[in-house]
Structure formats: structure tokens, C-alpha cells
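Working through the structure, step by step
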Amino acid sequence: MREVTTLLSNAGPRSYVRLRSVYPPFPRCSRVPASLRSLSTESRSSLSSSDLSRNGGYSPLTSADSGLLLPSSSRASFSTSTQHSDADWDAHPNLSISEFSELPSKDFGVNQHMVINQEFKEALRQILWQFRAPIRYAFAYGSGVFPQVGSAPGSSQCHPSAPAAIQTMQQGKGKMIDFIFGVSYSQHWHSLNLMQHRDHYSGLGSMGSYVVSQVQDRFGAGVYFNPYVTVNGTLIKYGVVNIDTLCKDLSQWDTMYLAGRLQKPVKILRDHPQVRLANQINLLSAVRVALLLLPAEFSEFQLYSTIAGMSYMGDLRMALPAEDPRKVNNIVSGQMAHFRRLYAPLIDNLPNVTFNDKRCTQDNWIDDPDANVRLTQDMDPVKRGNMVRRLPESFREKLYFQYQARYGIPRAEFDKMMKESNDKDPELVRKRQGGPFEQRIADDESLRDELQTSITKTIRWPSTVQTAKAPLMAGVGRTWRYLREKQDKYNKSGKQSSSSEETSSKTKEE
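Residues numbered from 1 in each chain as written. Predicted model: local features only at pLDDT ≥ 70, side-chain atom pairs only at ≥ 80, totals over all residues. Heavy atoms only, no water.

An unreviewed UniProt entry lists the protein chain under the name Phosphatidate cytidylyltransferase, mitochondrial, with Aspergillus wentii DTO 134E9 given as the organism. Check the Subcellular location (unreviewed entry) section of the UniProt entry for the protein chain; it says "Mitochondrion inner membrane". UniProt's Sequence similarities (unreviewed entry) comment on the protein chain is quoted here verbatim: "Belongs to the TAM41 family." (UniProt positions renumbered as here; feature names shortened; annotations may be inferred.)

Laid out in C-alpha cells, this is it:
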């Protein structure tokens with residue numbers, strides 16, 4: 001695995017121990033490699049009181065990636081942390097939790113933490129420490145963190161004076177690094193940030209934190225972006241979102257704006273128990289929708305491409321010459337091992353899908369970024385109807401309304417069905433089993449089209465409004481710069497693709 005090789009060569013033996021400790025085994029599909037069986041403890045790094053006070057008393061190291069690993073009493077198997085029945089944690093999630101100890105199990109959600117070069121990770125964390133306003137949850141994402149196959153190269157002049165670890169990981173071809181910051185109170189956060197970083201904001205900042213927070217919360221997907229700002233010598237873009245808004249999107253898919261980003265590998269830099277639980281629901285929901293979209297037999301690449309592609313359905317940028325049409329392929333091709341880490345533990349514990357490939361009998365397939373094993377799923381309408389019933393609430397309602405019109409169901413009968421499937425009534429959601437309506441949907445030959453329509457409807461309006469409010473957040477100058485750079489990348493990626501196709505064609509002729 002390329003990323004593992006980089007890690008082993010640059011980060012030393014301590015990081016190797018941690019890699020072995022956090023990578024999940026796959027109990028049903030293969031023998032667990034010896035290097036993945038043993039878990040080692042590592043003492044948690046201590047923080048000074050001044051470090052804690054800078055971030056409102058919150059420790060950024062409270063996560064599975066912090067060095068706080070399993071004690072000896074919990075080393076039996078990672079799989080125990082993911083073997084929850086469908087009627088368990090995702091059926092009645094408690095999204096009001098505030099402690100990691102309140103999660104369903106000690107290692108719950110560790111699959112969300114990607115292993116990257118240690119020095120690069122610390123350089124990203126140092127950027128967070130430059131903000132006095134308290135950041136409760138944070139992740140870095142995009143091609144600036146995870147290289148994408150076939151993506152256009154960046155500029156060597158991108159970062160004025162970035163740390164050596166960032167320059168090394170980006171190989172001198174600098175790309176702006178994207179962050180999302182989860183905060184408790186957006187107006188309070190922007191008030192503190194405006195005092196420290198007024199230059200990060202457009203002219204809208206002169207109107208005060210109230211106006212800024214209203215633009216964030218009331219329009220689009222509830223995210224406020226500050227692009228093209230330099231922190232620690234590194235060019236970054238950061239989006240600010242309320243923790244509650246983030247968790248609602250992850251668990252219900254009301255916009256899929258941030259849920260879609262977290263359905264792909266990201267590097268979590270500060271974790272939060274509430275978000276970890278909500279994101280595990282998001283990931284499981286992504287698997288279920290992908291299974292409903294896929295045939296009985298498919299490959300890992302098809303599965304991960306289906307999941308990664310969902311967040312681009314309905315995105316206005318994909319309809320404009322501002323985004324590489326091969327973006328999904330580029331993302332998945334370069335990150336197969338990361339996608340496997342993110343989803344395989346969940347897939348391996350679902351009752352209606354299984355890895356079914358001779359490659360899985362080999363000990364090293366888990367770490368192989370070039371592996372592309374086969375999977376099979378049970379197409380029984382009863383089991384697929386259960387998946388339909390367990391889709392995120394806001395998204396499921398859209399799908400149900402489409403099928404009400406499709407089947408011509410009278411309004412009174414439909415309202416009765418909706419009442420019976422109401423997730424907010426604890427007396428009616430004990431099992432969340434699909435009934436005749438869900439089974440009929442699951443067996444419908446047009447299900448794929450209806451699901452894609454529901455995804456598009458979910459994403460299009462929030463995504464369009466977020467794009468429309470960009471000039472307010474970033475200012476006209478930085479918005480124009482962003483669009484121009486997107487256009488340039490689009491043109492470069494097209495030329496690279498044509499060149500690659502010509503080379504491939506000549507090779508075949510020879």
C-alpha cells in the first residue's frame with residue numbers, strides 16, 4: 001500500500017505500531033493477517049493547561065487516532081465494535097451524547113480514522129491551533145490531503161511557507177487544503193474569529209458576527225466558507241458548521257452537503273462523540289443506498305464509486321465546465337485502501353452482502369490498494385425492503401412521496417403508512433422492518449432511477465444556494481479566482497485524459 005510505505009519510511013517504528021493497532025480486520029471474508037491481530041497500547045500525549053485554554057478546554061486528541069488505543073481487556077477483535085445488529089445502535093441513536101464513553105462500544109467508529117503520514121497529520125493539526133475560537137470537530141479533505149489519480153497538478157507557488165511535511169506530501173505541487181470546522185455556536189465562533197482573523201472574511205465581516213452567522217445558518221447547507229487564506233504558511237479553505245447541523249445532515253440526509261463529503265475518506269483531526277455516531281449512521285446509510293443501486297454481483301470499485309458518486313448527483317458544479325467529469329473515478333482509483341478501511345467493517349457485518357472472492361483468502365489483500373475483490377448481495381425483496389425502511393428519514397420521505405405518485409396511492413392511505421413509519425414515535429420503531437410498501441419499492445424495476453432522483457432532489461437546492469452565496473462569503477475577487485482555477489483544472493484534466501488515451505491507443509496498436 002503506497003500510503004503505508006510512506007508512513008513506514010517517514011514516521012518510524014512508533015507509527016508502525018499504531019498502524020497495526022487501528023487497521024480493522026475482516027472476520028467473515030478472510031483470515032486476519034498476523035500484523036493486524038495484535039493491538040498495542042500507547043500512552044496518550046499530555047497537553048499543557050495553556051494548550052487546553054486556547055481551545056476552550058477541549059482536547060483535540062480525544063479520538064481513536066490520538067494514541068489512546070485499546071487496553072488489553074478490549075483486544076479480542078476490532079470486529080466486535082462493528083458487529084451491531086440493524087435493530088441496535090443505528091435504530092435508536094442517541095445523538096445527544098457528549099462523551100466517547102457513551103458510544104455503543106469502546107472502539108465504535110474507529111474505521112472513520114484514516115492512517116496518513118504522522119508528520120503531515122501533525123502539520124495539519126498545527127493549523128487548527130492557530131484559531132483561538134474553539135473548534136470541536138475538524139477534518140481535512142480533498143486532493144490536497146488525499147492525492148487523486150489523474151487530477152490536474154497544483155502550483156508550486158500555492159503555499160507561501162508551508163511546513164516541510166506538507167511540501168513533501170504534496171511533492172512540491174501545492175494544492176489548497178480544505179477543512180471543515182464543527183463548532184457549538186456559530187455566532188460566538190465568528191465573533192472570536194473576526195477579532196483574530198478579520199482578513200479571512202470578505203466585506204460581509206464588517207457587518208458583524210450576527211450577519212455572518214445568519215448567512216451561514218439560514219441559507220444553503222448551513223456552512224460558511226473562507227477560501228484562500230494563509231495559516232501557518234499554508235493556503236487553506238475552511239468551512240464552519242454547527243455541530244447540530246452537521247449531525248442532522250449525517251443522520252437524516254436533509255441536504256447531503258456534508259454527509260456526502262464524509263462518505264469519502266477524510267482525515268479527522270479533532271473528533272467528537274456525537275459526530276462520530278452520526279457519521280457511522282451516514283456511512284451505513286451510504287452502503288444501503290449503494291446496495292439498492294447495484295446488481296446482485298459487483299466489485300469493490302463499483303461499490304465505492306457508487307458511494308462516492310452520490311454526493312455529485314445534483315451538484316451544480318458538475319453541470320458546468322468547472323469540475324472534472326472523471327472526478328469520482330480519480331478519487332476511488334487513488335484511495336481504494338482508504339475506502340476499504342472506511343466501509344469493509346460495515347459491509348462485513350451486514351446480513352445480506354458478503355465478500356465473495358478468492359483474493360480474500362490471501363493475508364495481504366486488505367492492505368493492497370490494487371485489490372478489487374467481488375461481492376454478492378441477497379436480492380430478496382424482504383431484506384431489501386428492510387434496507388429501504390432504514391434509509392435516513394428526510395431522504396426516505398422523498399423516496400416515499402415519489403412512489404406515492406408512481407403507484408397512485410390515496411393521500412389518506414399514504415398518510416397512515418407514513419405515521420406507521422415515523423421514526424420519532426418510540427412505540428412504532430422498535431424493529432424498523434420493511435412492510436409491503438417497502439418490499440414493493442425494493443422489488444421495483446425503476447428503483448435505481450427513483451433513488452437517483454431522490455438524491456438529486458436532496459442535493460440540488462442546498463448545493464445551488466451554497467454556490468450562490470459564495471460571493472457574499474468569499475468576496476467577488478476570491479470567488480472569481482476559485483472559478484478560474486476550477487476552469488483551468490478542468491481544461492488541464494481534459495488534456496491529460498486525451499494524452500493518456502492516445503498513449504494507450506498507440507500501445508495497443510503496437
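The structure having been displayed, the exposition proceeds.
Observations regarding helix α11 (residues 300–310)
Across the 11 residues of α11, 9 count as buried, placing the element largely inside the fold. Turning to α11, its buried residues are Glu300, Leu303, Tyr304, Ser305, Thr306, Ile307, Ala308, Gly309 and Met310. (Buried < 20%, exposed > 50% of the residue type's maximum accessible area, 1.4 Å probe, protein only. Helix = DSSP H or I, 4+ residues; strand = E, 2+ residues; numbered from the N terminus.)

Some remarks on the sheet that holds strand β7 (residues 353–355)
Judged by pairing direction, the sheet is antiparallel, and its 3 strands sit side by side in the order β6-β8-β7 without closing on themselves. Of all the strands in the sheet, the pair left with one neighbour each is β6 (297–299) and β7. The average angle at which neighbouring strand axes cross in this sheet is 25°, direction not considered. As judged from the 3 bridges shared by β6 and strand β8 (residues 374–377), these two strands associate in the antiparallel manner. Residue pairing for β8: Ser299 is matched across the bridge by Arg374. (Pairing = 2+ DSSP bridges. Axes fitted to C-alpha atoms, helices over the stretch in contact; angles between N-to-C directions.)

Remarks on the pairing of β8
As paired strands, β7 and β8 are joined by 3 bridges and run antiparallel to one another. The residue of β8 that forms the bridge with Phe355 is Leu375.

A few points about the packing of aromatic side chains
Under the definition given, this model contains 19 aromatic pairs. Ring centres 6.3 Å apart and planes at 25° place the aromatic pair Tyr304 and Tyr343 in the stacked group. Of the two residues, Tyr304 sits in helix α11 while Tyr343 sits in helix α14 (residues 336–347), which places them 39 residues apart along the sequence. Here the two residues Tyr304 and Tyr343 agree in accessibility, since each one is buried. With a centroid separation of 5.2 Å and 65° between ring planes, the pair formed by Tyr400 and Phe437 is classed as edge-to-face. Of this pair, Tyr400 sits in helix α16 (residues 393–407) while Phe437 sits in helix α18 (residues 436–442); the two residues are 37 residues apart in sequence, bridging distant segments of the chain. Residue Tyr400 shares its accessibility class with Phe437, and that shared class is buried. Members of the aromatic cluster, connected to one another through ring pairs, are Phe131, Phe179, Phe181, Trp189 and Tyr238. Sitting over the ring of Tyr257, Arg261 keeps its end group 4.3 Å from the ring centre. The ring of Trp129 carries Arg270 above its face, with NZ or CZ at 4.6 Å from the centroid. (Phe/Tyr/Trp six-rings, centres within 6.5 Å; stacked < 30°, edge-to-face > 60°. Lys NZ or Arg CZ within 6 Å of the ring centre and 35° of its normal.)

Here's the deal with the sheet that holds strand β2 (residues 177–183)
Pairing is mixed in the open sheet, where 5 strands are placed in the order β3-β4-β2-β1-β5. This sheet does not close on itself; its edge strands, each paired only once, are β3 (223–231) and β5 (267–270). With strand direction ignored, the average angle separating the axes of adjacent strands in the sheet is 25°. Note that strand β1 (residues 137–141) and β5 share 3 bridges and pair antiparallel. Within β5, the residue paired with Phe139 across the bridge is Ile268. The strands touched by helix α6 (residues 186–196) are β2, β3 and β4 (234–242); relative to β4, the strand with the most contacts, the crossing angle is about 150°. (Contact = heavy atoms within 4.5 Å.)

Overview of the packing of helix α10 (residues 273–293) against helix α19 (residues 447–468)
Two elements in contact, α10 and α19, have axes whose closest approach is 9 Å; the angle formed by their N-to-C orientations is 140°. Between α10 and α19, the crossing angle belongs to the class labelled oblique. Here Val289, Leu292 and Leu293 of α10 come into contact with α19, specifically with Leu447, Arg448, Leu451, Gln452 and Ile455. (Parallel < 35°, antiparallel > 145°, perpendicular 65-115°, else oblique.)

Remarks on helix α8 (residues 243–252)
Buried residues of α8: Ile243, Leu246, Cys247, Asp249, Leu250 and Ser251, and no others. The inward-facing, buried residues of α8 contact β1, β2, β4, α9 (257–262) and α10. Downstream of α8 by one or two residues, Trp253 has phi in the positive range, about 60°.

Some points on the pairing of β4
Burial runs high along β4: 9 of the 9 residues are buried. Here β4 shows no split at all, with Thr234, Ile236, Tyr238, Val240 and Asn242 on one side and Leu235, Lys237, Gly239 and Val241 on the other all buried. Sheet topology places β2 next to β4; 7 bridges connect them, and they run parallel. Counterpart to Ile177 in the pairing with β4 is Ile236. Bridge count for β3 against β4 is 7 bridges, and the pairing is antiparallel. Looking at the pairing, Tyr224 lines up with Val240 of β4.

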